Amino acid sequence: MAETITLETIDYVSILAKLKLTPEETEQARGDMQKLLDYVEKLNELDTDGVEPMTHLFPYGNVFREDTVTNQEARTEMLANAPKTKDGQYLVPKTIE
Amino acid sequence: MTQKTIAATALSREIREHKRSVRETALETLKNIQTLDVSVGAFLTVLPEEELLAKADAIQKKIDDGTLTGPLAGVPVAVKDNICTKNLRTTCASKILETFVPPYSATAVEQLEAAGALIVGKTNMDEFAMGSTTETSAFLQTRNPWNLEHVPGGSSGGSCAAVAAKEVPLALGSDTGGSIRQPSAFCGVTGIKPTYGTVSRYGLIAYASSLDQIGPVAQNVSDCAALLEAIAGHDPKDATSLQRQDCQFSAACVQDVKGMKIGIPEAYLQEGLDEDIREAILKAADTFRALGAQVETFPLPLTEYAIPAYYLIASAEASSNLARFDGVKYGYRAPEGEGLHEMYKRSRSQGFGPEVKRRIMLGSFVLSAGYYDAYYLKALRTRALIRESYTKAFRTYDLLLAPAYPTTAPKLGVSLEDPLKMYLGDIHTVSVNLAGLPAISVPCGFDRQGLPIGMQLIGDAFAEKTLIRAAYTFEQAADVLAAAPAGKED
């Protein structure tokens, strides 16, 4: 059996995910996640002992390049996408009381 | 539902021979979109006429002075809305990016422009490419041009529908778990998912970075090859981009499959596959045999583990990639509550749709302390085994033949009810992404409802040319679309 997903688990995961779920969404998320985890349980049929987790498809090694500026100044265009700006900077709600 | 237009490479020949102008072509395209897109709904954004014509004239000038000589010069192209286009709104079909105007273009877009292609607009998709029907778009319902009551597939549903309806001859899509191949199959068009690393991901808004690839969608194989050739290549801005020297894909459009060894994975013909599709695949196998290829079925192990591994890996990567949408630098910000964290949470909760939230939640869970090994690492180990099973298969076979999807396009409004059931449909496509392989989806018939059936040819890493050669040979021999059910083609 897969891990049992409780409403507390969903509350905890929603903190990690930075999502605020309504009580209905929380219940829905619990059911959905339980169903998915029960399904992916299938992977435990497979013996993967000694198999290296595959993080890259091809053996890249480290990819280096010179740290040179190639783009143009685009402050105005960048800031134009921000929901709120002040004095040419991003504006966020108060973070420290 | 369709317009008679000529294919891209033929169109550009006419332009280069001065039989038509780029401006004329641009105006025709706009007219096509205005007429057809009311019912198809493929586009989220179309370039304003004035801007489009200015670009068309600039391209014309470069054709006339001999700067642009390639097969895409003057050809209209649509771009999926998760690929950044400078000064042209790019939304990922999500409320959270509804107003986002990128200050830069994706490398693939820059390459298209350098080749003289005319970008006409941005196409609808499943929100952040998460979905199989284009129904998770926050903005628009795209319909299948072959039957407006059916979905176009997804997540590149807008790109494939736009090409199928002949609003445009070419489009860019992206494929993380089948998002080019499946809608291509549903819409009766041709689409390629390249080997991972072949096309730069710079400027592609990331869903699952280790699986995502941009690829071409077109009306035929040679157009697909030309488009892929234009966008392939090494890019220092994408650290996973490969140095390939073998990207002359158009030259691979040769009619010859003699002696080619093609394997059909047995598991892909088993339960759950529509009978009409099984027949179409077996008929395609016969066509290949008649053309001189050897075709046989063989047991490809581990196919049933691809979907669970895929959804764990894709969701994990998505939860991390989508952390950047927090209402600060771009996109939607909720009317402020109390403090920074509350603003993050509200913006994300109001900005993302249900499918995106579901995957972020799953991804956050499987990456969390205590579950990382059991779920995420287990999936990565499974991924290595799946890759190995393909590597072994390609010691015997040049290509694999498979369906692109177990069904033809479902009706609108039925797929989102049961997410797990929708995920299970991806059985024929996701392992290609897990293994980083190239694959092409080509029309191979019609079901009894008159909906297109697509077959998939899967190649070993870097074997795009073999894929293209086989697909081209099949297309020329079978001429599937010429046998379209009455009422479709005009």
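Residues numbered from 1 in each chain as written. Chains lettered and ligands numbered in written order. Predicted model: local features only at pLDDT ≥ 70, side-chain atom pairs only at ≥ 80, totals over all residues. Heavy atoms only, no water.

Caption draft 1: Inspection of the interface of chain B and chain A at higher detail. Each side of the interface is counted separately: chain B has 65 residues, and chain A has 52 residues. Here chain B and chain A share an interface that buries about 5,400 Å² over both sides, 70% of which is from carbon and sulfur atoms. Inspection of the region where chain B meets chain A yields 4 salt bridges. With a closest N to O distance of 3.1 Å, Glu25(A) and Lys357(B) form a salt bridge. Inspection of the chain B/chain A interface yields 18 residue pairs in polar contact (both at pLDDT 80 or more). Within the residue set of the side of chain B that touches chain A, elements represented by two or more residues are helix 9 (306-321), helix 10 (339-351), helix 11 (354-366), helix 12 (372-396) and helix 13 (419-424) of chain B. In terms of residues, the side of chain B that touches chain A owes the most to one element, helix 12 of chain B, which gives 11 residues. Within the side of chain B that touches chain A, the residues separate by chemical class into 37 nonpolar, 13 polar and 15 charged. (Contact = heavy atoms within 4.5 Å. Buried area = accessible area lost by both parts, 1.4 Å probe. Salt bridge = Lys/Arg side-chain N within 4 Å of Asp/Glu carboxyl O. Polar contact = N/O pair within 3.5 Å; in protein donor to acceptor, adjacent residues only side chain to side chain. Helix = DSSP H or I, 4+ residues; strand = E, 2+ residues; numbered from the N terminus. Nonpolar A, V, L, I, M, F, W, Y, C, P; charged D, E, K, R; others polar.)

Caption draft 2: Summary view of the packing of aromatic side chains. Residues and elements named next belong to chain B. All chains considered together, the criterion is met by 18 aromatic pairs over all chains. Judged by centre distance (6.4 Å) and plane angle (40°), the rings of Tyr-371 and Tyr-375 are tilted. Given the relative accessible area of 7%, Tyr-375 is considered buried. Summarising the aromatic geometry, the rings of Tyr-372 and Tyr-376 are spaced 5.3 Å apart at their centres and angled 50° between planes, so their arrangement reads as tilted. Here Tyr-376 and Tyr-372 lie together in helix 12, a separation of 4 residues that amounts to about one turn. (Phe/Tyr/Trp six-rings, centres within 6.5 Å; stacked < 30°, edge-to-face > 60°. Buried < 20%, exposed > 50% of the residue type's maximum accessible area, 1.4 Å probe, protein only.)

Caption draft 3: Here's a closer look at the side chain of Asp37(B). Residues and elements named next belong to chain B. You can see Asp-37 is positioned in helix 2 (residues 22-40). Buried and unpaired, Asp-37 has no salt bridge, with Arg-143 as the nearest side chain of opposite charge at 10 Å. A distance of 3.0 Å separates the side chain of Asp-37 from the backbone nitrogen of Phe-43, its partner in a polar contact. (Lys, Arg positive; Asp, Glu negative; His and termini not counted.)

Caption draft 4: Highlighting the packing of helix 7 (residues 221-231) of chain B against helix 15 (residues 464-478) of chain B. Residue and element names in this part refer to chain B. Between helix 7 and helix 15, the least distance of the axes is 9 Å, while the angle of their chain directions is 155°. Overall, the two elements helix 7 and helix 15 adopt an arrangement that is roughly antiparallel. Across from Val-221, Ser-222, Ala-225 and Leu-228 in helix 7, the residues of helix 15 making contact are Glu-464, Ile-468, Ala-471, Tyr-472 and Glu-475. Taken together, the residues of the contact of helix 7 with helix 15 sort by class into 6 nonpolar, 1 polar and 2 charged. (Axes fitted to C-alpha atoms, helices over the stretch in contact; angles between N-to-C directions. Parallel < 35°, antiparallel > 145°, perpendicular 65-115°, else oblique.)

Caption draft 5: Summary view of the sheet that holds strand 9 (residues 399-403) of chain B. Residue and element names in this part refer to chain B. Ordered in space as 1-3-2-4-6-5-10-11-9-7-8, the 11 strands form an open sheet in which the pairing is mixed. Where the open sheet ends on each side, the last strands, each with one partner, are strand 1 (43-46) and strand 8 (294-298). Mean inter-strand twist for the sheet, computed between neighbouring axes without regard to direction, equals 30°. For strand 2 (residues 76-80) and strand 3 (residues 118-123), the ladder comprises 5 bridges, and the chain directions are parallel. Each residue of the ladder has a partner; that of Pro-76, found in strand 3, is Leu-118. Contacting strand 4 (170-175), strand 5 (190-193), strand 6 (213-218) and strand 10 (439-446), helix 7 runs over the sheet at an angle of about 145° to strand 6. (Pairing = 2+ DSSP bridges.)

Caption draft 6: Structural context of the pairing of strand 10 of chain B. Residue and element names in this part refer to chain B. Within strand 10, 8 of the 8 residues are buried, which leaves it mostly tucked inside the rest of the structure. As judged from the 7 bridges shared by strand 10 and strand 11 (residues 452-459), these two strands associate in the antiparallel manner. Residue Val-442 lies in a different strand from strand 11, and its bridge partner there is Met-455. Counting the residues in the hairpin turn of strand 10 and strand 11 gives 5 residues, including Gly-450, whose phi is positive at 85°.

Caption draft 7: Layout of the pattern of salt bridges. What the rule picks out here adds up to 25 salt bridges over all chains. Here Asp246(B) and Arg244(B) are joined by a salt bridge, their closest N and O atoms 2.9 Å apart. For Asp246(B), a relative accessible area of 25% translates into the label partly exposed. Since its relative accessible area comes to 12%, Arg244(B) is described here as buried. Lys392(B) is paired through a salt bridge with Glu388(B); the nearest N and O atoms lie 3.9 Å apart. In this pair, Lys392(B) and Glu388(B) are both assigned in helix 12, 4 residues apart and thus about one turn of the helix distant. Members of the salt-bridge network, linked through shared partners, are Lys20(A), Glu338(B), Glu342(B) and Arg346(B).

On their own, these measurements won't tell you what the molecule is for.
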